[in-house]
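An overview of the molecular structure
These are the residues of each chain, in order.
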Amino acid sequence: MVKIDKSWANLLAGEFEKEYFISLTETIKEDLRRNIVVYPRGPHIFNAFNLTPFDKVKVVIIGQDPYHGAGQAHGLSFSVPDGVQFPPSLVNIFKELKSDLGIETPQSGNLERWASQGVFLLNAVLTVRAGAAASHSNIGWTTFTDNVIKLISDKKEGVVFMLWGNFAKSKKELIDTNKHFVLEAAHPSPLARGAFFGCRHFSRANEYLVKCGKEPVKW
């Protein structure tokens, strides 16, 4: 597969050798052999891990599935590369940011600037077939990412977990709420009919980080 940041590689070495992970790797390779386009492209599959090393993680935002349109997915939940039109959920995230912290909508939907500050933008499923939402949701990725979430919970303290929508909220059971700050809200998708708005997760996350003696995120 793809190279992953050393700090994560050391912690996850055992996962990569497990049968389920070898199987999911084979599934992706088989898709590629059959000329099925898979997003994100190989070098970006572990982008969230490479841009946010384990020791830097202070906020976790859990997404469900990568974008399945051409040029959208680049390995960070909710993020798109520079120059790509904002998907509806990302539009709503930026609206909430404006309402919460007065931050104007940026020119780019590329959230690497968050990732570099310790915001771990983790999709529960790390790959998808082009044009087919959730097409890789049952190949083993959730076993892997559940273990990643549990690893963060077990080995770190004072991390903010943002759980948006019922799928993300289902991951709460993996998190030790006695030593981490869990924020829950509706999904930012327009399908949630605006229920995401007013959650103020960005300001609340920063208040908690400051209280823990950590640098707030420049959202």
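Presented here is an overview of the structure given in this document.

Quick notes on the rules
- Residues numbered from 1 in each chain as written.
- Predicted model: local features only at pLDDT ≥ 70, side-chain atom pairs only at ≥ 80, totals over all residues.
- Heavy atoms only, no water.
- Phe/Tyr/Trp six-rings, centres within 6.5 Å; stacked < 30°, edge-to-face > 60°.
- Helix = DSSP H or I, 4+ residues; strand = E, 2+ residues; numbered from the N terminus.
- Buried < 20%, exposed > 50% of the residue type's maximum accessible area, 1.4 Å probe, protein only.
- Lys NZ or Arg CZ within 6 Å of the ring centre and 35° of its normal.
- Disulfide = S-S within 2.5 Å.
- Pairing = 2+ DSSP bridges.
- Axes fitted to C-alpha atoms, helices over the stretch in contact; angles between N-to-C directions.
- Contact = heavy atoms within 4.5 Å.
- Salt bridge = Lys/Arg side-chain N within 4 Å of Asp/Glu carboxyl O.

Here we look at the packing of aromatic side chains
- Under the defined criterion, the tally for this structure stands at 24 aromatic pairs.
- The interplanar angle of 80 degrees and the centroid separation of 5.0 Å between the aromatic rings of tryptophan 8 and phenylalanine 49 together place this pair among those described as edge-to-face. Of this pair, tryptophan 8 sits in helix H1 (residues 6-16) while phenylalanine 49 sits in helix H3 (residues 47-51), and the two are 41 residues apart along the sequence.
- On the accessibility criterion, phenylalanine 49 (1% relative accessible area) is buried.
- Here phenylalanine 46 and phenylalanine 49 contribute two aromatic rings whose centre-to-centre distance is 5.7 Å and whose plane-to-plane angle is 70 degrees, an arrangement assigned as edge-to-face. For the pair phenylalanine 46 and phenylalanine 49, a shared accessibility class is recorded, and that class is buried.
- Here the aromatic residues Trp8, Phe16, Tyr20, Phe21, Phe46, Phe49, Phe54, Phe120, Trp141 and Phe144 are joined through ring pairs into a cluster of three or more.
- Taking NZ or CZ as reference, lysine 156 lies 4.9 Å from the ring centre of phenylalanine 54, over its face.

Here we look at the state of the cysteines
- What the rule picks out here adds up to zero disulfides.
- Looking at cysteine 199, it has no disulfide partner, and the nearest cysteine sulfur is the one in cysteine 212, 19 Å off.

Quick look at the sheet that holds strand E5 (residues 160-164)
- Taken in spatial order, the four strands of this open sheet run E3-E2-E5-E6, and their pairing is parallel. Strands at the two margins of the open sheet, each flanked by one partner only, are strand E3 (119-123) and strand E6 (181-185). On average, each strand axis in the sheet is tilted by 20 degrees relative to the strand beside it, whichever way the strands run.
- Here five bridges tie E5 to E6, and the two strands are oriented parallel to one another. Directly across from phenylalanine 161, in E6, lies its bridge partner valine 182.
- Packed on one face of the sheet, helix H6 (residues 141-155) meets strand E2 (59-63), E3 and E5 and runs near 155 degrees to E3.

Concerning the pattern of salt bridges
- With the rule as written, the count across this model stands at ten salt bridges.
- Ionic pairing is found between aspartate 146 and lysine 171, a salt bridge with its closest N-O pair at 2.7 Å. Remark: lysine 171 occurs in the loop between helix H7 (165-169) and E6 and aspartate 146 occurs in helix H6; sequence separation between them is 25 residues.
- According to the relative accessible area criterion, lysine 171 is buried, its value standing at 6%.
- Shared partners join several salt bridges into a network, and the residues in it are Glu26, Lys29, Glu30 and Arg33.

Side note on the environment of glycine 42
- Position of glycine 42 relative to the elements: it lies in the loop between strand E1 (38-39) and H3.
- Considered as a pair, glycine 42 and glycine 75 are 33 residues apart in the sequence and their alpha carbons are 9.6 Å apart.

A word on the pairing of E5
- Summarising burial for E5: five of the five residues are buried, a large majority.
- What you see with E5 is no split at all: Val160, Met162 and Trp164 on one side and Phe161 and Leu163 on the other are buried throughout.
- Strand direction decides the pairing type here: E2 and E5, joined by four bridges, are parallel. Bridge pairing links valine 60 to phenylalanine 161 in E5.

Topic: helix H8 (residues 201-211)
- Residues of H8 that are buried: His201, Phe202, Ser203, Ala205, Asn206, Tyr208 and Leu209.
- Elements in contact with the buried residues of H8: E2, helix H4 (88-101), helix H5 (112-115), E5 and E6.
- The first or second residue beyond H8 is glycine 213, which carries a positive phi of 80 degrees.

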